[in-house]
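Here is what each chain is made of, one letter per residue.
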Amino acid sequence: MSSLMSGELQATCSALGYSDGDKYFTEPDCTYALKDLIRYLKHDDENHTVRRELGTMKIMVTDLLPLFKNYWEDKTLLDIVLRLLVNLTNPALVLYEDIPIDRILRNHYLEIVHHLQCYKQAFQEEKIFNILTNKLGHLFELDWEHRQEEDRLIIERILILVRNVLHIPPNPQEEKRTDNDASVHDNVLWALHKSGMENILLYVANSKDESNFCVHVIEIISLMFREQNASQLAKSGEARTERDKQKDIDELANLRNRESSEKRGKLMKFNNQRHSRFGGTFTVKNLKSISDNELICHSPLVEAASLSFGQNKSITKRPRNRALAQETDIFRTSTLHIRLFLKEFCTTFLNTAYNSIMNVVKDNLVRQKVEEHDETYYMWTMRFFMEFNRVHNFQVDLVSETVSLQTFHFIQTEIDKNLEMIRVEDKKKTALWAKRLHYSVKAYAELINTLVAMGTVKSSQVRNSLRVLKGNIFYLTEYRELPLLLLHNYNELVMPKSYLTDVIELTHAFLKLLQEFSKGSSHLIVKDKTKKKKLEKRRPRIKPIKEIATPSLDIDYFFIFTYDSAPEVITPDLESKWENIANDVSAAVQGHLPLADDVQPFDAASDRSMENQWSVFADTMRKIQFSLRESNISVAVALFRAAREIWPEDCAFGTSDIQPEEEFLALREIFFAPLPEDGIKY
């Protein structure tokens, strides 16, 4: 930065005010100086020189926060200070869009991150969150008729400021905090708790009138629990078992042994300066070398198994551009009072606000009313709270909003999108897409684990819902082959080992669920990807007198579907009926069950003429479905084959060379198809 610009910044900061130790006093030109700082940041260069200079001057600690604490009742001054606080606490990734590789830009990036970590330490004060909570509470008490646009902007800026502060990454090397010790992030959470802001967050999450701020609340909640383990948090405050205690003791012993071995290795490295060959030469009995003599070894061996021929081989170094992906998530155990407060918040959030806020956020994501990549917060929140509910006190109704087939489809779509972006996107951004993919995989794995837990519930309603979900998941190819797809697309260069661990656990849970589902019935109907047969275009022919040609039937109009796209309506009752008749249907199509005789789709003695092909076609479909649902299998199969002989050209009832498996699937499609009722009893 030039000396002229640096002097101008210092003069502007000096015009803000001064502090006597207890109170901060503003200068007459304080408002104009704040606006000048906003203008400087707006026209900052690509190296973010002004931002780095303001961080070096510690303007956040010396001027802005004292201004905020002493003059928060001044609405004009509060609005300008909030704008400046939000601007200065913006995440470094938002400024650079990606971690820079260039050495100079990387140093600038790390400098901004260091300044943000200093800002987070300043927000440990409880008074700051008290002011923010009081201001939010006062604004939320206003009705929509009395709430101005300026009030809405202040609410949004306060929520974004809290989100930015919680988003600042920790610095374990500087904090040097162990588990069960309070870190800077824990102190910020405790200040937030003491101010009562979590009650404001719960109110916004559960209020239909404040749905515009639900996405900000989801971001804040996910950042509050960023360092927590859901399973461990659910067990906080409970008596520890002997197994857990022994596990901690073994882990501590392993760490001590590793540290001792490292110290011993360093000591031997510096004390033993002589070459290893001066220690003597030994021969190994009963082991011949390539010259038929006894093998020579230059170091003493305690066991023959410790003999190695690769000690002198050079280790192949991995190039920097082929380095393995590193873990980015940090998990630690906070102090007990922090964990108990977070556990209570999770319980209250699940009981009062989870289903409502997840519904609103999902609707905003589908309608694209949010910023790009905000679905990662949705995935993280779903995974964390569903895991907490499963471990703490499993109740399906608390997470019913996300236990649905629509949620499976949404996550599967996100996984496919992330995998595609990893393949086609620039290599510099593949790590970000891999991280988003990891969030989606964790959410999908937790959905599968929730289905496994639902199998242990004795409620008949829960079991019926579980059976319907299983039937749809295992029927569709996209869901059935997803674990295999994730394993095939694993790339150690962009995906960490924790991702592979989660995929393997997901596959294990999926196979376990499939095994339990297969035990219930001997037939497992799956959907295969087949190509539709294109109907040949027939040449129009001249209709003779008193003769009406068979119309070209619209298959979709009569709810007659091909085997790879059927809008089925699978209810628990229909699913149960189909499981009961599946064996008989399979035996009938394979010829092991006698079929009914004298079955005709068209009755010549009825008042309906054969000329009304549309009505006869629909009535035949309804007859087949009625016979199947009344367990009259022989009549249904015979009627299905007789209809194929009458309408062979439309392939609605299959082709002449249809296989038994395809005929079985076609009858299943008719059984579940939502055919219209016409009031006729068969």
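Above this note sits the structure.
The structure displayed is predicted, hence computed values, not measured ones. (Residues numbered from 1 in each chain as written. Predicted model: local features only at pLDDT ≥ 70, side-chain atom pairs only at ≥ 80, totals over all residues. Heavy atoms only, no water.)

## Details of the pairing of strand β3 (residues 282-288)
- In the sheet, β3 pairs with strand β4 (residues 294-297) via 4 bridges, with the strands oriented antiparallel. In the sheet register, Phe282 faces β4, and the bridge partner there is Cys297.
- Hairpin connection from β3 to β4: 5 residues lie between these consecutive antiparallel strands, with Asp292 at a positive phi of about 65°. (Pairing = 2+ DSSP bridges. Helix = DSSP H or I, 4+ residues; strand = E, 2+ residues; numbered from the N terminus.)

## Notes on the side chain of Glu387
- By the secondary structure assignment, Glu387 is in helix α18 (residues 375-392).
- A relative accessible area of 12% places Glu387 in the buried class.
- Among all residues touching Glu387, those that are not within four sequence positions of it are Asn229, Ala230, Ser231 and Glu446. (Buried < 20%, exposed > 50% of the residue type's maximum accessible area, 1.4 Å probe, protein only. Contact = heavy atoms within 4.5 Å.)

## A look at the environment of Leu77
- With respect to the helices and strands, Leu77 occurs in helix α5 (residues 75-88).
- Here Leu77 falls in the buried class, since its relative accessible area comes to 7%.

## Some details on the packing of aromatic side chains
- Following the criterion strictly, the structure yields 23 aromatic pairs and no others.
- The interplanar angle of 75° and the centroid separation of 5.9 Å between the aromatic rings of Phe225 and Phe385 together place this pair among those described as edge-to-face. With a gap of 160 residues between them, Phe225 in the loop between α13 (214-224) and α14 (230-234) and Phe385 in helix α18 connect regions that are remote in the sequence. Phe385 matches Phe225 in its accessibility class, with the two residues each being buried.
- An aromatic cluster is defined as three or more aromatic residues linked by ring pairs; in this entry it consists of Phe225, Phe345, Phe349, Tyr354, Trp380, Phe384 and Phe385.
- Taking NZ or CZ as reference, Arg629 lies 5.7 Å from the ring centre of Phe671, over its face.
- Between Arg668 and the ring centre of Tyr475, over which it is positioned, the NZ or CZ distance is 4.6 Å. (Phe/Tyr/Trp six-rings, centres within 6.5 Å; stacked < 30°, edge-to-face > 60°. Lys NZ or Arg CZ within 6 Å of the ring centre and 35° of its normal.)

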